[in-house]
Amino acid sequence: QHERISILGLGAMGRALAGALLAAGREVTVWNRTPGKAGDLVARGAREVSSVEGAIDASDLTVACLLDDASVRETLAPVVQKLADRTLVNLTSGSVRQARELDRWLKEYGVRFLAGGIMAVPPTVGTEGAFILYSGARDLFDRVAPALSPLGRPHWVGEDPGFAALYDMAALSGMYGIGAGVDHAVRMLHAEGGDVETFKREVLRPWLEQMLPIFVAGADVSDTVPDEYNPEMQAVGLENILAASGEAGVPADLAGHLRASLWRMRRAVATAG
Ligand code: NDP
């Protein structure tokens with residue numbers, strides 16, 4: 001079941017999704033607001049239709065991957081009645097509240113709805129590490145997951161339709177935090193005349209690989225400092241990094257992640273004292 005799948009949206013991600021489904025032998029129908037974006041998908045066997053209705057009609061399962069929540073609403077509003085008793089999976093990123101409200105709206109029309117979050121970028125869709133978060137009714141997920149598994153490992157995160165977005169946004173925040181740190185690091189290196197490529201390969205990457213599991217395992221919401229770490233030592237360490245950054249002339253606003261940690265350590269020192 002669900003061998004025929006329609007994709008709404010042929011941006012970079014929609015095209016990657018359609019391509020992965022075609023590669024897995026699914027019958028794929030595609031629609032995009034602006035025509036002519038199907039590229040080589042049609043040559044690879046996809047059928048392009050000129051209306052959203054046509055896309056919904058063509059398949060057992062419709063997947064939306066558009067810019068944002070507003071574009072999903074705008075696209076579905078004129079055809080929502082047509083989706084009654086059909087399955088819609090939304091892989092458009094958005095907020096938790098948007099996902100919950102979209103779920104409520106679609107359920108009023110009898111749409112079987114799953115919310116999703118893509119933990120991949122277009123080139124990694126369908127590859128080993130890629131996974132897709134889904135939230136909504138578990139039995140619906142169980143029925144839909146095999147059809148969509150070529151996109152990436154399907155991973156259900158709960159009945160609450162907002163949870164796919166919640167896990168997605170929280171994971172992205174973690175990623176951007178690392179990104180900010182990496183950015184800050186290479187700028188310091190460069191400003192003081194170091195070789196960025198050597199630093200990345202020989203120091204930054206192995207160091208992050210050593211520390212990432214420790215960071216993730218130790219992350220909690222308590223703001224406490226593990227017993228084996230003296231908060232005063234941590235505070236001095238953070239001040240040293242900020243000093244090195246200042247000496248290198250790297251803008252202080254790039255060091256926001258360090259300041260937040262420093263603030264936590266100073267508070268821990270004050271509380272302990
Ligand atoms: P693009 O900007 O490449 O494509 C946006 C798509 O949305 C286009 O198909 C565009 O159609 C369509 N669109 C925009 N506004 C409307 C509207 N009002 N009505 C109908 N269609 C509209 O984005 P991506 O494909 O990269 O991303 C799509 C979704 O996937 C986003 O929610 C994104 O967050 C998510 N995602 C993307 C990742 C990535 O790395 N690219 C990673 C993980 C998730 P048109 O061609 O007509 O403008």
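Draft legend 1. Geometry of the side chain of serine 6. Tracing the sequence through the fold places serine 6 in strand β1 (residues 4–8). Judged by relative accessible area, serine 6 falls into the buried class, the value being 0%. From its side chain, serine 6 meets the backbone oxygen of alanine 55 in a polar contact 2.6 Å long. When residues no more than four places from it in sequence are discounted, the contact partners of serine 6 are Thr29, Ala55, Ala58, Ser59, Leu61, Thr62 and Val63.

Draft legend 2. A look at a nonpolar patch on the surface. A cluster of nonpolar side chains, contributed by Ile178, Val203, Trp207, Leu208, Leu212, Ile214, Phe215, Val216, Tyr229 and Met233, occupies part of the molecular surface with about 960 Å² of accessible area. At seven residues, helix α7 (residues 196–218) tops the list of elements feeding residues into the nonpolar patch. The exposure class of valine 216 is exposed, given its relative accessible area of 58%.

Draft legend 3. The arrangement of the domain arrangement of the protein chain in detail. One can read the domain layout of the protein chain as domain 1 (4–159) and domain 2 (167–272). Domain 1 puts seven residues into the contact, and the matching count from domain 2 is four residues. A buried area of about 430 Å², summed over both sides, lies between domain 1 and domain 2, and 72% of it is on carbon and sulfur atoms. Three residues stand out in domain 1 for area buried against domain 2, namely Met119, Leu133 and Val157, and they jointly supply 61% of the buried area on that side. Our count for the domain 1 to domain 2 interface comes out at zero salt bridges. On inspection of domain 1 and its partner domain 2, the count reaches zero residue pairs in polar contact (both at pLDDT 80 or more).

Draft legend 4. Up close: the site of the ligand. By nearness alone, 22 residues border the ligand, and Met13, Asn32, Thr34, Lys37 and Ser93 come closest of all. Measuring from an oxygen atom of the ligand, one finds a side-chain N or O atom of lysine 37 at 2.6 Å. One of the side-chain nitrogen or oxygen atoms of glutamate 74 is found 3.4 Å away from a nitrogen atom of the ligand. In isolation the ligand offers 900 Å² of accessible surface; the protein chains occlude 75% of this area. Looking at the shell around the ligand, the elements that each hand over two or more residues are α1 (12–23) and α3 (69–76). When the residues that make up the shell around the ligand are grouped by side-chain class, the tally is ten nonpolar, nine polar and three charged.

Calculation rules
Residues numbered from 1 in each chain as written. Predicted model: local features only at pLDDT ≥ 70, side-chain atom pairs only at ≥ 80, totals over all residues. Heavy atoms only, no water. Helix = DSSP H or I, 4+ residues; strand = E, 2+ residues; numbered from the N terminus. Buried < 20%, exposed > 50% of the residue type's maximum accessible area, 1.4 Å probe, protein only. Polar contact = N/O pair within 3.5 Å; in protein donor to acceptor, adjacent residues only side chain to side chain. Contact = heavy atoms within 4.5 Å. Patch = residues over 30% accessible without salt bridge, like charges linked within 9 Å, V, L, I, M, F, W, Y side chains within 5 Å. Areas by Shrake-Rupley, 256 points an atom, 1.4 Å probe, with all protein chains shown as cover. Salt bridge = Lys/Arg side-chain N within 4 Å of Asp/Glu carboxyl O. Domains from an automatic or database assignment. Buried area = accessible area lost by both parts, 1.4 Å probe. Near = heavy atom within 4 Å. Nonpolar A, V, L, I, M, F, W, Y, C, P; charged D, E, K, R; others polar.

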